[in-house]
Amino acid sequence: MKYTNLPHTDIEVSKICLGTMTWGRQNTEEEGHEQMDYALEQGINFFDTAELYPIPATKERYADTERIIGNWFKKKRNRDKVILASKIVGKGEMTKFIRTTGINRETIKSAVEGSLKRLQTDYLDLYQLHWPDRTTNFFGKRGYRHSISDHWEDNIHQILEALRDLVREGKIRHVGISNETPWGAMRYLEESKVHSSLPRIITIQNPYSLLNRLFEVGLAEIAHRENLGLLAYSPLGFGTLSGKYLGNRKPENTRVTLFPNYNRYSSETAVRATQKYYELAQANDLSLAQMALAFVNSRPFLTSNIIGATTMDQLKENIGSIEVQLSEEVLKGIEAIHNEIPNPAP
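Throughout this description, residue numbers start from 1 for each chain and increase along the sequence as written. This being a predicted model, a pLDDT of at least 70 is required before a residue's local features are given, and a value of 80 or more before pairs of side-chain atoms are given or counted; all residues contribute to the totals for chains, interfaces and linings. As a rule here, side-chain values come from all non-hydrogen atoms in the structure, and water together with hydrogens is ignored.

(A) Structural view of the sheet that holds strand β4 (residues 46-48). What the eight strands build is a closed barrel, ordered β3-β4-β5-β6-β7-β8-β9-β10; its pairing is parallel. Along the sheet, successive strands turn relative to each other by an average axial angle of 30°, direction set aside. We call two residues contacting when some pair of their heavy atoms lies within 4.5 Å. An axis is simply a line fitted to the C-alpha atoms; with a helix, the fit covers only the stretch in contact. Between two such axes, the angle follows the N-to-C directions and lies from 0 to 180 degrees. Starting at the N terminus, helices and strands are each numbered in turn, a helix being any DSSP run of H or I of at least four residues and a strand any DSSP run of E of at least two. The strands touched by helix α9 (residues 288-297) within the sheet are β3 (16-19), β9 (229-233) and β10 (302-307), with β10 carrying the most contacts at an inclination of about 155°. Two strands are counted as paired when DSSP detects at least two bridges linking them.

(B) Examining the pattern of salt bridges more closely. Each reported salt bridge corresponds to a side-chain nitrogen of Lys or Arg within 4 Å of a carboxyl oxygen of Asp or Glu. The final tally for this structure, using the stated rule, is 24 salt bridges. For E161, the salt bridge is made with R105, and the minimal N-O distance between the two is 2.8 Å. Of the two residues, E161 is situated in helix α4 (residues 155-168) and R105 in helix α3 (residues 105-119); the sequence distance between them amounts to 56 residues. Overlapping salt bridges, with partners in common, bring together R105, E161, R164 and D165 in one network.

(C) Up close: helix α5 (residues 182-194). To estimate the expected span of a helix, subtract one from its residue number and multiply by 1.5 Å. Given a rise of 1.5 Å per residue, 13 residues ought to cover 18 Å, and the 18 Å separating the end C-alpha atoms of α5 matches this to within 8%. Taken as a whole, α5 has its buried residues at G184, A185, R187, Y188, L189, E191 and S192. In this structure, the buried side of α5 is in contact with β6 (124-129), α4, β7 (172-178), β8 (201-207) and α6 (219-226). A simple rule labels every residue: compare its accessible area, found with a 1.4 Å probe on the protein chains alone, to the largest value its type can have, and call it buried under 20%, exposed over 50%, or partly exposed in between.

(D) Focus on the nonpolar core. In this structure, I108, Y188, F215, Y277, M291, L326 and I334 are the most contacted members of the largest nonpolar core, which totals 96 residues. Top contributing element to this core by residue count: α9, with eight residues. Look past the residues within four positions of M291 in its chain and what remains in contact with it is L210, Y277, L280, A281, L286, L326, V330 and I334. Definition used in this section: a nonpolar core is a set of buried Ala, Val, Leu, Ile, Met, Phe, Trp, Tyr and Cys residues joined via side-chain atoms within 4.5 Å. Formed by twelve residues, the second largest nonpolar core is a distinct cluster that contains L6, V13, C17 and F46.

(E) Spatial organisation of the environment of F47. Position of F47 relative to the elements: it lies in strand β4. For F47, a relative accessible area of 0% corresponds to the buried category. In the structure, F47 is positioned 34 residues away from V13 in sequence and 9.5 Å away in space, judged by C-alpha atoms. The contacts of F47, once residues within four sequence positions are left out, are C17, L18, M36, W72, V82, I83, L84 and A85.

(F) Representation of unusual backbone geometry in the model. In this structure, P54 follows Y53 across a cis peptide bond, with omega equal to 10°. As for its position among the elements, P54 is in the loop between β4 and α2 (64-76). In this structure, the amide linkage connecting I55 to the following residue, P56, adopts the cis form with an omega of -5°. Tracing the backbone through its elements, the reader meets P56 in the loop between β4 and α2.

(G) Structural context of the environment of K316. As for its position among the elements, K316 is in helix α10 (residues 312-320). By relative accessible area, which is 41% here, K316 ends up partly exposed.

(H) Representation of the side chain of S209 in the model. Following the sequence through the fold, S209 ends up in the loop between β8 and α6. Relative accessible area serves as the criterion here: at 1%, S209 is assigned to the buried category.

(I) Quick peek at the environment of N5. Here N5 lies in strand β1 (residues 3-5). Considered as a pair, N5 and T58 are 53 residues apart in the sequence and their alpha carbons are 34 Å apart. Setting aside residues up to four positions removed in sequence, N5 forms contacts with D10, I11, E12 and T303. Side-chain polar atoms of N5 contact the backbone oxygen of T9, separated by 3.3 Å. Contacts described as polar in this section are N or O atom pairs within 3.5 Å, which, within protein, must combine one atom able to donate a hydrogen with one able to accept it, while residues neighboring in sequence count only if both atoms come from side chains.

Have a look at this one:
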């Protein structure tokens, strides 16, 4: 395994982060425990979860993933071996069963306390805002449509104050954002610069893959200049970058087959790009999954690559990507495809 530090800290984390959002839906608790056992054995010390998980979110399964992790900590007594990250949900139709008030001082406090109880721990190493409450483009939206009645930025100071209080109480160590835009990232960073008592945002968990490199437009520069670490999610695009859906195949018990509305990476253009990446990987004796993950692993703005798996074979292949070094020929091939079909799955 390879390691790096969470920005602005001395906390060492693995370059591969274990994602957890299928546990409790596509995976049983026992399978989740098996994945954590194996990941830890392979040197992965960074786990990411959220109160929203498992996905797709339902009232009946609310926060079951955190409970699965908490039961594992209780059984293994190894909380000190893991750098643990979780998230508070933003406002939206799919989260009305959790709360309707969005992210504010009161909801942050109650969400953190709920996560701590379910995870059976007294602190979180990293706490993240899962997505913005304001009207902006994320989760596959290409364009931005402004609303003059949206005064969301007034909440930024209050949100950071709430997070500061939880840091002071020892319930969270550091804070991050997710599904954010360059404007959102800089507003959080500037607020903590102007008000030095407020915690600095150290990570941004955004989508990044061969099919979606929009992070490179605006956010990559911020990541370098402000030392804001990318935690890349969906590096395999809901599994499409394994190649298993090519040729109109619908493998049983896979995410896109089970949940057809998860089509963010399945447009005609995205499929065409995936086919080209598949052919490039085959021509260089690589699996598409490992080529796709190795590309993400190699990005200079990356802090950690969040992988997810529903089988142990997938997990082993994904973790093994850390050993794959892409040749200049492969990297040039990737750029050629990207130039021909840029970002088909925002």
